[in-house]
Amino acid sequence: MLAMGSGEWELYPSSCIGSQVIEYRPVSEDSDNDDQNGDMAVSLDAVLPDDLLEKVLSFLPVASIIRSGSVCKRWHEIVHAQRHAWSKMVPQKPWYFMFTCSEDGVSGFAYDPSLRKWYRFDFPCIEKSNWSTSSSAGLVCLMDSENRRRILVCNPITKDWKRLLDAPGGKTADYSALAFSVDRSSHHYTVAVARSNQVPSEYYQWEFTIHLYESVSGSWVTPFTGVLLGWRGGDECVICDGVLYYLVYSTGVLVNNNEHRHCLVMYDLTARPNHTSLMSMAIPVPCALTCGRLMNLSEKLVLVGGIGKQDRPGIIKGIGIWELHNKEWREVARMPHKFFQGFGEFDDVFASCGADDLIYIQSYGSPALLTFEINHKSWKWSVKSPVSKRFPLHLFTGFSFEPRLDIAL
């Protein structure tokens, strides 16, 4: 039985959400005849076959489906035991998990954009906040920042999780990035770990290695090892349409002053070439960036970046969103100034992630959460977060994931 309890989905708090509970009561045109005709009343639930009940429930938001499991024993069995029934459920918008850390582990709050509500949420298998994360099709992959060989995969909704075989390489690296991709039909998944280490005594040379884990084989391979000249790795990579994209940073050596500090390299995970020059196929970023966040939105590569000032490239003057088309960037939107206020002026000031057509952007210095819907080109603040700032240097972050009931490990 899956570890999903209705108590985990209690809204927190109702005053932050503005929702209202309405109690529906039966209505009869002739109340005097209620007792006489009472034996004619038939419960719809009693005559509805399991497959039709599953179909009806599949149209609900995932939080409502889980709550419905507390209605009666029959509904509980359907919600918790019939995992295959949810494979055709209505697509869910990605949730955002904003976490806090304590000695007891990691807990936080998950934001549901469909119902515009926050839920108190205990994330499975994480005991501290310094993890790298990547999500795809209902699963979340996590890499321990203190031991980068330790990697976990979990379904946050069902609370299922497993630890993978230790990744190749040492426990530490100068820079490491994590990418994760799940096949929606087979549920097989791929984990990519990109590591970058400075070559000893060579400031402008950085060894770059890609390690891959396939759930089908249950083992790791290392298809690529090379050296980057004048560029180093970072912590941003993503798998999109079978290609690993990795954001690299200029070391300030062998680069002209008028060139940007960031560049995008790519590696074909299907062909897996052993010997290739990644920089020869590198894609320049669309403008001078202070920082960049990569994400896969419906197999389209999207970049959310801090736009640097022309005379002071380390100072952020705005936030832009771009989509990659045939190695060319197309600008999707720029954050209006009224939303950008409060993000600060230094280079790396925000977290951003997303899925489907929804992008989340959060300032490290505030629990306020901003959303952008690509299809409608609309910016909107989420409902006020229940997380509060307790001291001046209190930092906030989080990540998004698609809530699904049908994905097993």
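See above for the structure.
Note that the coordinates shown come from a computational prediction; the quantities given were computed from them, not determined experimentally.

Sheet strands pair via backbone hydrogen bonds, and the direction of the pair is either parallel or antiparallel. Across the sheet, four strands lie side by side as 21-22-23-24; this open sheet has antiparallel pairing. If you trace the sheet from one side to the other, it starts and ends with strand 21 (350-355) and strand 24 (378-381), each paired once. On average, adjacent strands in this sheet sit at an angle of 20 degrees to one another, irrespective of strand direction. Judged from the six bridges that link them, strand 21 and strand 22 (residues 358-363) form a sheet pairing that is antiparallel. For Ser352, the partnering residue across the bridge sits in strand 22 and is Ile361.

A few words now on the nonpolar core. Formed by 30 residues in total, the largest nonpolar core has its most connected members in Trp86, Trp95, Phe121, Phe123, Leu142, Ile157 and Phe401. When contributions to this core are tallied by element, the ones reaching two or more residues are helix 3 (50-57), helix 4 (62-68), helix 5 (73-81), strand 1 (95-102), strand 3 (117-122), strand 5 (139-144), strand 6 (151-155) and strand 25 (398-401). Among the elements that make up this core, the one with the highest residue count is helix 4 (four residues). Other than its neighbours up to four places away in sequence, Trp86 contacts Glu54, Leu57, Ser58, Ile65, Ile78, Val79, Leu405 and Asp406. If you look at the next biggest cluster of nonpolar residues, it comprises 22 residues, including Met295, Val302, Ile316 and Ile374.

Tallying each qualifying case throughout the model produces eight salt bridges. We note a salt bridge from Lys93 to Glu373, for which the minimum N-O separation is 3.6 Å. Of the two residues, Lys93 sits in the loop between helix 5 and strand 1 while Glu373 sits in strand 23 (residues 369-373), which places them 280 residues apart along the sequence. Assessed through its relative accessible area of 18%, Glu373 is described here as buried. One salt bridge in this structure joins Glu214 and Arg272, with 2.8 Å as the shortest N-O distance. With Glu214 in strand 10 (residues 205-214) and Arg272 in the loop between strand 15 (262-268) and strand 16 (283-284), the pair connects residues that are 58 residues apart, well separated along the chain. Residue class for Arg272 comes out partly exposed when judged on its relative accessible area of 26%.

Here is what the cut-offs are and how they apply
Think of each chain on its own: its residues are numbered from 1, step by step along the sequence as written. For a predicted model such as this one, the threshold for reporting local features is a pLDDT of at least 70, and the threshold for listing and counting side-chain atom pairs is 80 or more; totals across whole chains, interfaces and linings nevertheless cover every residue. Only hydrogens and water are set aside; all other atoms, that is, all heavy atoms of the structure, feed into the side-chain values. Strand pairing is assigned whenever DSSP identifies at least 2 bridges connecting the two strands. Secondary structure elements are taken from DSSP: a helix is a run of H or I of four residues or more, a strand is a run of E of two residues or more, and numbering for both begins at the N terminus. Simply put, an axis is a line fit to the C-alpha atoms, just over the touching stretch for a helix, and the angle between two N-to-C directions goes from 0 to 180 degrees. Note on terminology: a nonpolar core comprises buried Ala, Val, Leu, Ile, Met, Phe, Trp, Tyr and Cys residues joined through side-chain atoms within 4.5 Å. We call a residue buried when its accessible area falls under 20% of the maximum for its residue type, exposed when it is over 50%, and partly exposed in between, using a 1.4 Å probe and counting protein chains only. In this description, contact between two residues means that some pair of their heavy atoms is separated by no more than 4.5 Å. Salt-bridge detection follows one rule: a side-chain nitrogen of Lys or Arg within 4 Å of a carboxyl oxygen of Asp or Glu.

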